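Chain by chain, the residues:
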Amino acid sequence: MMLLQIYVVYMGSSTKTSDEIYQMLTLIHGGSIELAQASHVCSYTHSFTGFAAKLTEDQALEMTKMPGVVSVFPNAKRRLHTTHSWDFMGLATDEQMEIPGYSTKNQQNVIIGFIDTGIWPESPSFSDHDMPPVPSRWRGQCQAGEAFNASSCNRKVIGARYYLSGFEAEEKSVSTDKFRSPRDTNGHGSHTASIAAGQYVMDMNFKGLAAGGARGGAPMARIAVYKTCWDSGCYDGPDAPQGDYFNDAISIGSFHAANRGILVVSSVGNEGNQGSATNLAPWLITVAASSTDRDFTSSINLGDGTNYTGESLSLLETNATTRIIAASEAYSGYFTPYQSSYCLESSLNSTKISGNIVVCRHAGSSSESKLAKSLVVKEAGGVGMILIDEQDKDVAIPFTIPAAIVGTRIGDRILSYINHTRIPTAHISPAKTVIGSQPAPRVASFSSKGPNALTPAILKPDVTAPGLNILAAWSPATGNMNFNVLSGTSMACPHVTGIAALIKAVYPSWSPSAIKSAIMTTATILDKKWKRITVDPTGRKGNPFDYGAGFVNPTKVLNPGLVYDSQPLDYKKFLCSIGYNDKSLHLITSDNSTCNQNFSAASNLNYPSITLSDLRESYSVTRTVTNVGQGISTYRVFVSSPAGVKITVSPRILMFKEYGQKMSFTVNFKVTAPAKGYVFGWLAWKKGKLRVTSPLVVRVVSSRSGLMR
């Protein structure tokens, strides 16, 4: 029996009619029009051309050989990468989010598109209070569906659509979703939209925690929602390791969006490991997740008077002298003590657990599985839980019993107390909001890291932003709550989206790459104590593979001084530099682009960071900056060289005579001493207090003889 799977057939910018697509499918199915029609799932006509179809592996391979086809790839299922944060980043606390010295009121003409799980339009975050009429240039629609009609949109949420055919073709259980419409049943889409563009809400809180006024980064910007993700996931976007740029829908769509002047912001992923970064295309802004200085904590008081602190969103507490037991001592049935220590379903002996606080272990990465462990403990009769997170994720969870998360160091101390005490007891207090925790920001342990596994010459992530324990809007269809606290690079991504919208409001003519450059070159690698940003859980000093150019600084992005601007032609040259030829490039762009003037290497793309992954003896790269500051300006270069590498810049002074003027400079890298692995530095153009800073990332490689050439 041949296995059918849904494949996406990407055809670049070419124009194909429905009849032509069916002709292709008919050929694949041996001339059968009926089979061709049955295999077709949906077509893509906006931004680029393509379609999705049910094919066998052999048919998919045959399809790759057809004229006009750029790539054919499986419609893989992707996981969603899941407000004090704006205050923490230094933006004003007023409702309009004005940046001192600039007017961002034009954000009402900025439209932000969200590709997510939909929206709950009745949320106060999406009120259209005080908003003017919808911009006349808007041509989108408010698509009706279950519990959602044209009146569900307003002057804030100006467009909403949902896409179901591809999802239904993959998962028959989609019928269990409550709303076959743009309405958000998951909560994730409402959460991210409110972080970027939510209106001011006077009293936002999570069950009393983190109470206060809250708003998105661009609270007067418009929202257009595209529901492509459903309760069980969404199709299609990159997971690590990411393949070719044109084998996933996010890279494809964002390429064509960038060519049309539309900026796309994406999350780097939640795998947490080195080299696990996704959304690697240079035309994307890729965002890592970090903390603010706010934590949600519960106190754990042991019977010997020792006190510890754990992460939690539970407002429940245990009695003062409740017995505490290690889950490994309460194994049940065929489970071993080791298995029961992880509080697996049905692994606990209710006779031993009943009435006690239970210490469980956790090795996974999902918040849902942590919550599930508390349910296992509760069903076995436990009255509280201490969860030892072996990966120290620092993510607060809304447990259904008194519970707190600790790392392995504290967890081992608690287990030692239990093992050396005849009648061990403990007390878990309700969670509270703690402001001022340090160090901050820290890169979250779950945030995926570089290097870029697809094109090492392009640094990813680009920047980091708050993504740990973020309070924002929610869908009451899930948990009967209007607001919720989530963690993930999905939460960091809309922080950068909101900042980008503010830049677009002030500089509507700026290109996507100029906006990206302003965000990157004004970011900081220092925390609030002026020390290098650290990375959870070990507290090691971070590097550009953790945070890219650094932690975003929205108070500086509107005055970057200089920007590294790239045009669509530059991205075409970049594709040539990594192996695309005239034929493949033409399929993607459907214009007369050729590879006659390609870069010598991908590292020569005019990117706001410089990465050399295979430096042998010496190498030079060229960058071009555009003056977007004062007309007559002089900038001097300062360099912090990576260990074992001498860097010289020519010229060392850039003298601009007018706004918009472009000037190029060359950065020369020369190996002076052997180095192991990647080394890091920075290059900054300075004028007065202005600093235009770029990360420098270098890996020195040896010749075949083992000596430096």
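Recorded in UniProt for the protein chain, the comment headed Sequence similarities (unreviewed entry) runs: "Belongs to the peptidase S8 family."

Participant: Lay out helix α11 (residues 408-419) with the relevant residues and their values.
Facilitator: Spanning 12 residues, α11 covers 16 Å between terminal C-alpha atoms, matching the ideal 16 Å at 1.5 Å per step. When we look at burial in α11, the residues that qualify are Ile410, Gly411, Ile414, Leu415, Tyr417 and Ile418. On an axial view of α11, the arc spanned by its buried residues comes to 155 degrees, and they lie on one face. Exposed side of α11, more than 90 degrees from the buried face: Arg409 and Asn419 are the residues found there.

Participant: Help me get a handle on the pattern of salt bridges, residues and values and all.
Facilitator: The tally for this structure, following the rule as stated, stands at 10 salt bridges. Asp128 is paired through a salt bridge with Arg155; the nearest N and O atoms lie 3.8 Å apart. In this pair, Asp128 sits in the loop between β5 (111-116) and β6 (157-162) while Arg155 sits in the loop between β5 and β6, placing the two residues 27 residues apart along the sequence. Here Asp128 falls in the buried class, since its relative accessible area comes to 18%. Accessibility expressed as a relative area gives 33% for Arg155, which makes it partly exposed. The salt bridge involving Lys460 is made with Asp462; its shortest N-O contact spans 2.8 Å. We classify Lys460 as buried; its relative accessible area is 0%. In the salt-bridge network here, residues are joined through shared partners; they are Arg361, Glu390 and Asp412.

Participant: Go over the packing of helix α1 (residues 18-28) against helix α3 (residues 57-64), please, and point to the residues and values.
Facilitator: With their axes 10 Å apart at the nearest point, α1 and α3 run at an angle of 130 degrees to one another. On the basis of their axis angle, the class for α1 and α3 is oblique. Two packed elements cross with a definite hand, and for α1 against α3 that hand is right-handed. Residues Met24, Leu25, Leu27 and Ile28 of α1 lie in contact with α3, whose contacting residues are Gln59, Glu62 and Met63. In the contact of α1 with α3, the residues fall into five nonpolar, one polar and one charged.

Participant: I'd like to hear about the sheet that holds strand β9 (residues 222-227), residue by residue, with values.
Facilitator: Spatially, β5-β9-β6 is the arrangement adopted by the three strands of the open sheet, whose pairing is parallel. If you trace the sheet from one side to the other, it starts and ends with β5 and β6, each paired once. When strand polarity is set aside, the average angle formed by the axes of neighbouring strands in this sheet is 15 degrees. This element, helix α6 (residues 188-197), spans β5 and β9 of the sheet and lies at about 155 degrees to β5.

Participant: So what about unusual backbone geometry? Which residues, and what values?
Facilitator: Between Lys460 and the following residue, Pro461, the backbone shows a cis peptide bond with an omega angle of 0 degrees. You can see Pro461 is positioned in the loop between β22 (442-443) and β23 (463-466). Cis geometry marks the peptide bond from Asp536 to Pro537; its omega dihedral reads 0 degrees. Along the chain, Pro537 falls in the loop between β26 (534-535) and β27 (540-541).

Participant: Which residues make up the state of the cysteines, and what are the values?
Facilitator: Evaluated as defined, the whole model comprises three disulfides. A disulfide bridge connects Cys343 with Cys360, and the sulfur atoms are separated by 1.9 Å. Its S-S torsion of about -75 degrees marks the bond between Cys343 and Cys360 as left-handed, since a negative value means left-handed. Here the residue Cys343 occupies a position in the loop between α8 (337-340) and α9 (350-353), and Cys360 occupies one in strand β17 (residues 357-362), the gap between them amounting to 17 residues. On the basis of relative accessibility, which here comes to 0%, the residue Cys360 falls in the buried class. The disulfide bridge from Cys576 ends at Cys595, spanning 2.0 Å between sulfur atoms. Disulfide Cys576 to Cys595: torsion about the S-S bond roughly -80 degrees, handedness left-handed. Of this pair, Cys576 sits in helix α15 (residues 568-577) while Cys595 is found in the loop between α16 (582-589) and β29 (610-615), placing the two residues 19 residues apart along the sequence. On the basis of relative accessible area, Cys576 is assigned to the buried category, the value being 8%. Owing to a relative accessible area of 15%, Cys595 belongs among the buried residues under this scheme. Summary of cysteine pairing: Cys42 is not part of a disulfide, and the nearest cysteine sulfur, belonging to Cys229, is at 14 Å.

Basis of the calculations
Residues numbered from 1 in each chain as written. Predicted model: local features only at pLDDT ≥ 70, side-chain atom pairs only at ≥ 80, totals over all residues. Heavy atoms only, no water. UniProt positions renumbered as here; feature names shortened; annotations may be inferred. Helix = DSSP H or I, 4+ residues; strand = E, 2+ residues; numbered from the N terminus. Expected span 1.5 Å × (residues − 1). Buried < 20%, exposed > 50% of the residue type's maximum accessible area, 1.4 Å probe, protein only. Arc of directions from axis to C-beta. Salt bridge = Lys/Arg side-chain N within 4 Å of Asp/Glu carboxyl O. Axes fitted to C-alpha atoms, helices over the stretch in contact; angles between N-to-C directions. Parallel < 35°, antiparallel > 145°, perpendicular 65-115°, else oblique. Left-handed = near helix turned anticlockwise from the far one by under 90°. Contact = heavy atoms within 4.5 Å. Nonpolar A, V, L, I, M, F, W, Y, C, P; charged D, E, K, R; others polar. Pairing = 2+ DSSP bridges. Disulfide = S-S within 2.5 Å.

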